[in-house]
Each structure stands twice: as C-alpha cells, then as structure tokens.
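# Architecture and fold: a report
Read off the chains here:
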Amino acid sequence: MLGMDGKTIQLDFPVIDAHVHLYPDFLAKRVTPDLAGRFGNTPSFDGTMDGCVARHATCGIWASLNLPVATKPESVFRTNRFWHEAVDLRAKDGIRSLASFHPRLDDPQAELAHIVQCGFAGIKLHPEYQQFGFNDSSMDDVWAALSDLGLVAYLHAGGERVFPGPYRSNPSEIARLQRRFPRLKIVAAHLGGFGMWDQAEAVLTGTDVYLDLSHTFFWMPKEQIFRMIRKHGAGRILFGSDAPWQDAGKVLEEFLSLPLGRDEQSAICYGNAAKLFGIVP
Ligand SMILES: [Zn+2]
C-alpha cells in the first residue's frame with residue numbers, strides 16, 4: 001500500500017475495515033451528498049460498493065464490513081435482504097455486512113431468525129437515530145436473544161455530530177449493559193464513546209467489550225488512543241474507519257504510526273475481526 005508520503009508500506013497481514021457505511025447504488029447518489037452536507041465533510045468515496053472496493057484497494061485494505069443503520073422499522077427486512085444478496089455477489093471483492101435492526105420492529109424475534117438464516121454475524125444499533133436506550137427494559141428480550149444466538153451487537157457509542165446532546169449511548173450505559181448481559185458480544189464504536197473518551201477510558205477499558213478505532217484518530221489525542229489500546233488489550237480492539245466519513249487510508253497510516261508490536265497490529269487489523277465476524281478470504 002502507498003503511504004501519504006508516497007512510500008510503500010508493506011504489511012504481512014490482511015487488513016479488515018470493520019466499520020464502513022455503504023448504500024445501494026440508487027440510494028448512494030442521494031444519501032451520500034445529503035449526509036456529507038449534514039456531517040460537514042467530504043466523503044472519501046461515493047458510498048457505493050464499487051467506490052469502496054476501489055478506494056480501499058489503493059489503501060491496502062482487504063475487506064470492509066458494512067454497518068447498515070435502519071432509521072425506521074419498515075426498512076429493516078428489505079435492507080437485510082439487500083445486503084444478504086449483495087454480500088453473496090461481492091464477498092470476493094471483500095464486501096461484508098452486518099444486518100440492520102430496529103428496536104421498534106413489530107416482531108423482533110422473527111427478524112432475528114431471518115438474520116441468522118441469512119448468515120449475518122450481528123446487527124448494528126444506533127440509539128440516537130433509533131431513539132432508544134441500551135438499558136431500556138423493552139430491549140432486554142433482544143439482548144437475551146442475541147446472547148443465545150451468538151450474534152454481535154455493534155453499537156454506536158458516544159456523541160454524534162448531527163444530533164444535540166445529551167446522548168443516550170454514553171460509555172457508562174454500555175458498561176452497564178455488559179454487566180447485565182455478560183454473554184452478549186458487544187462492539188462499541190469510536191473507542192467506546194465519541195467525544196467521551198475520558199469516561200470510556202475509565203469504565204470500558206479492561207472489560208469484555210470490543211472497541212473500534214473509527215473516528216478517533218484526528219479527533220482525540222493520539223497518546224490517549226495508544227494508552228487505551230494498551231490498557232484494554234489489543235485482543236479486543238478493531239481497526240475501523242467509518243469510511244466514507246473518514247478516509248480509511250489516512251486512518252490506517254495513523255494507526256500504523258503508533259508504537260505497537262506486529263502481533264498487536266495484526267490482531268487489531270485482522271485477527272479480532274476475522275474471528276468475531278467470521279470474515280475469511
Ligand atoms: Zn459509523
């Protein structure tokens with residue numbers, strides 16, 4: 001892969017970007033410019049699978065895990081059917097996806113059965129877009145079912161630029177969820193809480209919760225990222241970029257500049273995600 005200074009960086013392990021947002025082609029044309037306006041930043045590609053494959057190939061990224069957020073319950077079933085078919089066709093290009101889910105589905109258990117049948121490794125949840133709290137009693141049956149089914153709960157965590165605070169998805173709520181459902185496999189994005197890193201460092205490091213690195217580089221002190229990785233242990237950190245809302249190449253280059261060992265780099269970039277989501281070549 002090519003670094004920003006034009007020098008080639010050689011890695012002896014594949015890289016999985018465990019946090020990307022992709023849209024079907026017909027939606028990407030509308031959604032990507034709309035979100036770019038709301039987030040106030042230029043996307044690193046156009047939000048399509050082709051755009052992702054092309055951009056990530058130039059950064060040396062082998063596979064990308066899409067995290068679809070359902071903003072309404074009605075869209076969950078067709079979103080999941082779409083990504084199930086898309087991954088069947090595009091897995092050879094490194095496209096993978098989790099399922100979407102919504103806390104106010106009429107029959108959440110039926111959708112979880114559909115998700116298992118499609119072979120998804122987990123679901124993405126976003127308390128700000130979907131207006132729920134991790135510890136609302138209405139969610140308990142969902143967490144119990146996910147634990148029994150071995151599905152991963154991939155959670156947005158912390159602040160979100162397009163919503164005003166206070167935020168429902170703060171690190172303490174995630175730590176509480178983990179204590180209440182210890183068998184639940186949880187990934188908390190943004191090192192456990194975008195913009196709430198001191199709280200995340202205090203309550204989430206050292207727990208069983210996986211933490212991803214999306215939207216941390218360029219947003220928080222690099223020393224704190226390194227310290228949190230070491231405190232938490234490289235075995236529960238995932239490389240992720242939030243592409244196209246951050247450029248995966250720039251994020252990877254920043255990550256590789258941390259003084260980590262080769263085994264730590266390889267676990268974070270590849271091994272942990274490969275095992276957790278069953279992502280194999
Ligand atoms: Zn994201």
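The following refers to the structure shown. On a predicted model such as this, the values are computed, not experimentally measured, just so you know. (Residues numbered from 1 in each chain as written. Predicted model: local features only at pLDDT ≥ 70, side-chain atom pairs only at ≥ 80, totals over all residues. Heavy atoms only, no water.)

## Here we look at the nonpolar core
Residues Trp143 and Phe255 are the most contacted members of the largest nonpolar core, which totals 67 residues. When residues of this core are assigned to their parent elements, the largest contribution, five residues, is made by helix 10 (residues 248-256). Discounting residues that sit within four places of it in the chain, Phe255 has contacts with Leu213, Phe217, Ile229, Phe239, Leu260, Gln265, Ile268 and Cys269. Formed by 18 residues, the second largest nonpolar core is a distinct cluster that contains Ala121, Val152, Ala273 and Leu276. (Core = buried A, V, L, I, M, F, W, Y, C linked by side-chain atoms within 4.5 Å. Buried < 20%, exposed > 50% of the residue type's maximum accessible area, 1.4 Å probe, protein only. Helix = DSSP H or I, 4+ residues; strand = E, 2+ residues; numbered from the N terminus. Contact = heavy atoms within 4.5 Å.)

## Digging into the sheet that holds strand 1 (residues 16-20)
An order of 1-2-3 is seen for the three strands of this open sheet, with the pairing classed as parallel. Bordering the open sheet on either side are strand 1 and strand 3 (95-97), each of which pairs with just one other strand. Direction aside, the axes of adjacent strands within the sheet are offset by 25° on average. Here three bridges tie strand 2 (residues 63-66) to strand 3, and the two strands are oriented parallel to one another. Bridging across to strand 3, Leu65 finds its partner in Arg96. (Pairing = 2+ DSSP bridges. Axes fitted to C-alpha atoms, helices over the stretch in contact; angles between N-to-C directions.)

## Thoughts on the state of the cysteines
Using the criterion set out here, one finds zero disulfides in the structure. Between Cys269, a free cysteine, and Cys59, which holds the nearest cysteine sulfur, the sulfur-to-sulfur gap is 12 Å. (Disulfide = S-S within 2.5 Å.)

## Quick look at the packing of aromatic side chains
Across all of its chains, the model carries ten aromatic pairs by this definition. Consider the rings of Phe194 and Trp219, whose centres lie 5.1 Å apart with planes at 70°: the pair is edge-to-face. Within this pair, whereas Phe194 is found in the loop between strand 7 (185-188) and helix 8 (197-203), its partner Trp219 is found in the loop between strand 8 (210-212) and helix 9 (222-232), the two being separated by 25 residues in sequence. Centroid distance Phe239 to Phe255: 6.1 Å. Interplanar angle 55°. Geometry classified as tilted. With a gap of 16 residues between them, Phe239 in the loop between strand 9 (237-238) and helix 10 and Phe255 in helix 10 connect regions that are remote in the sequence. The buried category is assigned to Phe255, whose relative accessible area is 0%. Over the aromatic face of Tyr210 sits the side chain of Arg236, whose NZ or CZ is 5.7 Å from the ring centroid. (Phe/Tyr/Trp six-rings, centres within 6.5 Å; stacked < 30°, edge-to-face > 60°. Lys NZ or Arg CZ within 6 Å of the ring centre and 35° of its normal.)

## Overview of the pattern of salt bridges
Here the idea is simple: oppositely charged side chains can pair when their charged atoms come close. If you walk through the whole model with that rule in mind, you get 14 salt bridges. Asp50 serves as the salt-bridge partner of Arg90, at 2.9 Å between the closest nitrogen and oxygen. Of this pair, Arg90 sits in helix 3 (residues 76-90) while Asp50 is found in helix 2 (residues 49-59), placing the two residues 40 residues apart along the sequence. Among the residues examined, Arg90 registers a relative accessible area of 18% and is labelled buried. One network of salt bridges, with partners in common, ties together Asp50, Arg90, Lys92 and Asp93. (Salt bridge = Lys/Arg side-chain N within 4 Å of Asp/Glu carboxyl O.)

## A closer look at the packing of helix 2 against helix 10
Close contact between helix 2 and helix 10 brings their axes to 9 Å; oriented N to C, the two are set at 30°. In terms of their interaxial angle, helix 2 and helix 10 are classed as roughly parallel. Two packed elements cross with a definite hand, and for helix 2 against helix 10 that hand is right-handed. In this structure, helix 2 uses Arg55, His56 and Cys59 to contact helix 10, whose residues at the interface are Ala248, Gly249 and Leu252. Looking at the contact of helix 2 with helix 10 residue by residue, the classes come out as three nonpolar, two polar and one charged. (Parallel < 35°, antiparallel > 145°, perpendicular 65-115°, else oblique. Left-handed = near helix turned anticlockwise from the far one by under 90°. Nonpolar A, V, L, I, M, F, W, Y, C, P; charged D, E, K, R; others polar.)

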